[in-house]
Amino acid sequence: SFIDFSGDNIYVANQTGIFSAVRSNGQANVSQIAKPSDKWSNITGIKVFAGNIYLLDPAANQIWKYQGTDFGFTDLVPYLKTGISVDLSKVVDFSIDGFVYILSQTGSIVKFSSGSVQDFTITGLDVPFSNPSAIFATDETKNIYILDNGNSRVVVLDKNGVYQSQYVYPAGAVTKAFVLADETIKKIFLLSRSKIYSIDLK
């Protein structure tokens, strides 16, 4: 299963559908908001942004979108424009801040706006990415955060791809984690297996 959150809502996607859990008084009221679609091939990620749900489907070479309305969600539509020549087969994670960023296991990042590819070049890295596994950006962060497993670090880029800083942790301490950054309290959080680590942003 894959998870994302928006406000008090938690969203989970797996091959049996999409579910929403609304937190209330310590309880989670769960409901199914979408059944599996015959358009899906293999969903490997979910993101919620501006009331819309996005599903990463590398096998179909597509990001699917459910648009939120006052009455629920519209039918599933492709986010990527027809004719986009981007290979999603090696994508490990994606993130949305209004733009959509997809991270490949090769270390490349492709940026989209309204389903079309935008200019985005990573510059200033001292060492290339090695086996990155997570990317994090929101409309409330100034930067993009990449978990670079092969180099045991979190790399910070600005939203034009320019290197800002990096935070190195002991080798083997974190494996294929979920990364979250809160620039207001100046913390990076890493979830790895049964542990949560925090790193102070400088």
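Further up the page is the structure itself.
Rules behind the numbers
- Residues numbered from 1 in each chain as written.
- Predicted model: local features only at pLDDT ≥ 70, side-chain atom pairs only at ≥ 80, totals over all residues.
- Heavy atoms only, no water.
- Salt bridge = Lys/Arg side-chain N within 4 Å of Asp/Glu carboxyl O.
- Buried < 20%, exposed > 50% of the residue type's maximum accessible area, 1.4 Å probe, protein only.
- Patch = residues over 30% accessible without salt bridge, like charges linked within 9 Å, V, L, I, M, F, W, Y side chains within 5 Å.
- Areas by Shrake-Rupley, 256 points an atom, 1.4 Å probe, with all protein chains shown as cover.
- Helix = DSSP H or I, 4+ residues; strand = E, 2+ residues; numbered from the N terminus.
- Phe/Tyr/Trp six-rings, centres within 6.5 Å; stacked < 30°, edge-to-face > 60°.
- Lys NZ or Arg CZ within 6 Å of the ring centre and 35° of its normal.

Draft legend 1. Molecular detail of the pattern of salt bridges. Enumeration according to the criterion identifies four salt bridges in this entry. Note that D148 is salt-bridged to R153, the shortest N-O span being 2.7 Å. Grouping residues by exposure puts D148 and R153 together as buried.

Draft legend 2. Layout of a nonpolar patch on the surface. Taken together, the side chains of F5, F178, L191 and I196 present a nonpolar region at the surface, about 390 Å² in accessible area. Topologically, F178 is positioned in strand 19 (residues 178-182).

Draft legend 3. The packing of aromatic side chains, seen in detail. Counted by the stated rule, this structure contains two aromatic pairs. Consider the rings of Y54 and Y79, whose centres lie 5.8 Å apart with planes at 85°: the pair is edge-to-face. Within this pair, whereas Y54 is found in strand 6 (residues 52-57), its partner Y79 is found in the loop between strand 10 (77-78) and strand 11 (91-96), the two being separated by 25 residues in sequence. Judged on exposure class, the residue Y54 and its partner Y79 are both buried. With a centroid separation of 6.0 Å and 70° between ring planes, the pair formed by Y101 and F120 is classed as edge-to-face. Of the two residues, Y101 is situated in strand 12 (residues 100-104) and F120 in the loop between strand 14 (116-118) and strand 15 (132-136); the sequence distance between them amounts to 19 residues. Classification of F120 as buried rests on a relative accessible area of 13%. Its guanidinium or amino end placed over the ring of F94, K47 lies 6.0 Å from that ring's centre, counting from NZ or CZ. Residue placement shows K111 over the ring face of F99; its charged tip is 4.1 Å from the ring centre.

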